[in-house]
Every structure is written in C-alpha cells, then in structure tokens.
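A look at the structure
Here is how the chains run, residue by residue.
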Amino acid sequence: MKFLIKTMLMILIIPTSINAKEISYDFIDTGYYWQQSSFSTTTFEKWDGYYITLNKSLNENIYLLGGLGDVSKSNGDQVDYKGLGFGVHFPINDKTDIALEYEHLHYDFDYVSQTDVDGIYNITYVKILHQLSDDIEVTAGVGRADLAGRKILFIEPLVGARYKINDNFSLSFEIGNAKDSKVATSVDVEERRFGIRYNF
C-alpha cells in the first residue's frame, strides 16, 4: 500500500502532457456480474447480479472511482458491496496508458441459514489500457485485495475489452481469476462482467 502511494506521487510530478487520445476516464459502467467461488475441486458456489461503476477525472492524470453491486445465490444468500477510491494514469504513447488504482470496498453478506458477515477490502490495481483500433480498447492488469483484519490476500490477474458503439456508448467485457496468496485453503474466485458504458 505504501509503495503504491509513493509510486502515484512520483507519477504526479512527471510531465505527462499527452494522454492516450481515445481512452476516457469519465464514465458510468453498468451490467451483469457472474461469480463462481470454489472451496475445493468439487465444491462450487455460483453467484450473479449487477454492478455499477463511476469514474470522474479531477485533472489530466487523476480520477475518482466508485462502485456498488448486489449479487445472490439461488438459495437466497446475498451480498452487496460499495467502494470508493482514486486512480492515477499516465501515457506510454498516444494509444496506451498505465493506470494505478486504489479502492476501499465494504461488503455485507446476508445469509439465509448462518450468521451475516461484513468486512472491508483494500484493493489496488495496476492496469495497461490500449486502444487497439478506433472501435476496440483492451485492458490487462493485476489486482491485490487485502481483507482488513485477516490474513486473506487475493491476487487477481484480469483482462478485458471494450467495443465502441459511438462516441458515448460502448460494450464492455472483463474476466478475472482471484486466488488467495496467503491461505491455501481459502476460496478461489472466478469473475465475469458484461456491461454497457456511457462516456461523458
């Protein structure tokens, strides 16, 4: 966490007058979320629901980010989450950006037949965003989710793509696979997001 903050501060003092021309950091993204949690090779739980994310630039290189979502299982178990954070991005060239993000995320599990659970994840991301063509943007990165007060630490490689419909709307797709790097018996999580984005 300290390393990420120091890196972001260093980026802010580097001259970055040119950003990737077609990559926007001002948008609302919403859509369908699917998750499969595996506790062993034979035990799986499937969740699905919706998500909403919002990004808003503060200047050429810094942006705020927020998100919320609600997912559930077929048995009625449910979890909702809310997150807030910020990001820093800088260009490699006029088609490619590197972005560093931090999000403070609160989750609340509401179980049908066991005690409810809530907690906080401190999440950091390193991402590369590239404008492959006029209509297609691709993303690759890795996330680090540290569960506050516990040993659980998820590391999640992720990839995504976005297809531009017009100047304001685009379709997005992202996949990730999170594994606990500290607790071998912890849950592994596969994630999928299918969304529509509005740039403003």
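The structure under discussion appears in the preceding block.
A brief report on the enclosed structure follows. A quick note: this is a predicted structure, and the numbers were derived from the prediction, not measured.

What the protein chain contains, in helices and strands, is one helix and ten strands. Mapped in sequence order, the helices and strands of the protein chain form the string α-β-β-β-β-β-β-β-β-β-β. Per-residue burial for the protein chain yields a buried fraction of 41% across its 200 residues. Considering only contacts in the protein chain between residues 6 or more positions apart, those separated by 24 or more positions represent 50%. Total accessible area on the protein chain is roughly 11,300 Å²; 61% of this is exposed by carbon and sulfur atoms.

A separate point is the sheet that holds strand β10 (residues 188–199). Taking strand neighbours around the barrel as the criterion, the ten strands line up as β1-β2-β3-β4-β5-β6-β7-β8-β9-β10 in a closed arrangement whose pairing is antiparallel. Mean inter-strand twist for the sheet, computed between neighbouring axes without regard to direction, equals 20°. Across 14 bridges, the pairing between strand β5 (residues 96–110) and strand β6 (residues 117–131) is antiparallel. Note that in β6 the partner of Phe109 across the bridge is Val117.

Turning to the packing of aromatic side chains, a few remarks are in order. Counted by the stated rule, this structure contains ten aromatic pairs. Taking the centre distance of 5.6 Å and the plane angle of 75° together, the rings of Tyr107 and Phe109 count as edge-to-face. Through successive ring pairs, a cluster of aromatic residues spans Trp47, Tyr107, Phe109, Tyr111, Tyr121 and Phe154. Here the guanidinium or amino end of Lys127 rests over the ring plane of Tyr125, the centre of that ring lying 4.9 Å away. The side chain of Arg193 reaches across the aromatic face of Tyr51, ending 5.9 Å from its centre.

Relative to the elements of secondary structure, Ser170 occurs in strand β9 (residues 169–180). With relative accessibility at 1%, the residue Ser170 sits in the buried group. Within polar-contact distance, the side chain of Ser170 engages the side chain of Arg162 at 3.0 Å. Those residues in contact with Ser170, other than ones at most four positions away along the chain, are Arg162, Tyr163, Lys164, Ile165, Gly195, Ile196 and Arg197.

Next up on the list: the side chain of Ser37. Tracing the backbone shows Ser37 in strand β1 (residues 27–38). Residue Ser37 is classed as buried on the basis of its relative accessible area, which comes to 5%. Separated by 2.9 Å, the side chains of Ser37 and Gln35 make a polar contact.

The side chains of a regular strand alternate, residue by residue, between the two faces of the sheet. In terms of strand pairing, strand β7 (residues 136–147) meets strand β8 (residues 153–164) through eleven bridges, oriented antiparallel. Across the sheet, residue Thr139 finds its bridge partner in β8, namely Gly160. Linkage of β7 to β8, two consecutive antiparallel strands, is achieved through a turn of five residues, within which Gly149 is found at a positive phi near 85°. Of the pairings in the sheet, the one linking β8 to β9 comprises nine bridges and is antiparallel in character. Its bridge partner lying in β9, Lys164 is registered against Ser170. The hairpin turn running from β8 into β9, its antiparallel successor, is four residues long.

Rules behind the numbers
Residues numbered from 1 in each chain as written. Predicted model: local features only at pLDDT ≥ 70, side-chain atom pairs only at ≥ 80, totals over all residues. Heavy atoms only, no water. Helix = DSSP H or I, 4+ residues; strand = E, 2+ residues; numbered from the N terminus. Buried < 20%, exposed > 50% of the residue type's maximum accessible area, 1.4 Å probe, protein only. Contact = heavy atoms within 4.5 Å. Areas by Shrake-Rupley, 256 points an atom, 1.4 Å probe, with all protein chains shown as cover. Pairing = 2+ DSSP bridges. Axes fitted to C-alpha atoms, helices over the stretch in contact; angles between N-to-C directions. Phe/Tyr/Trp six-rings, centres within 6.5 Å; stacked < 30°, edge-to-face > 60°. Lys NZ or Arg CZ within 6 Å of the ring centre and 35° of its normal. Polar contact = N/O pair within 3.5 Å; in protein donor to acceptor, adjacent residues only side chain to side chain.

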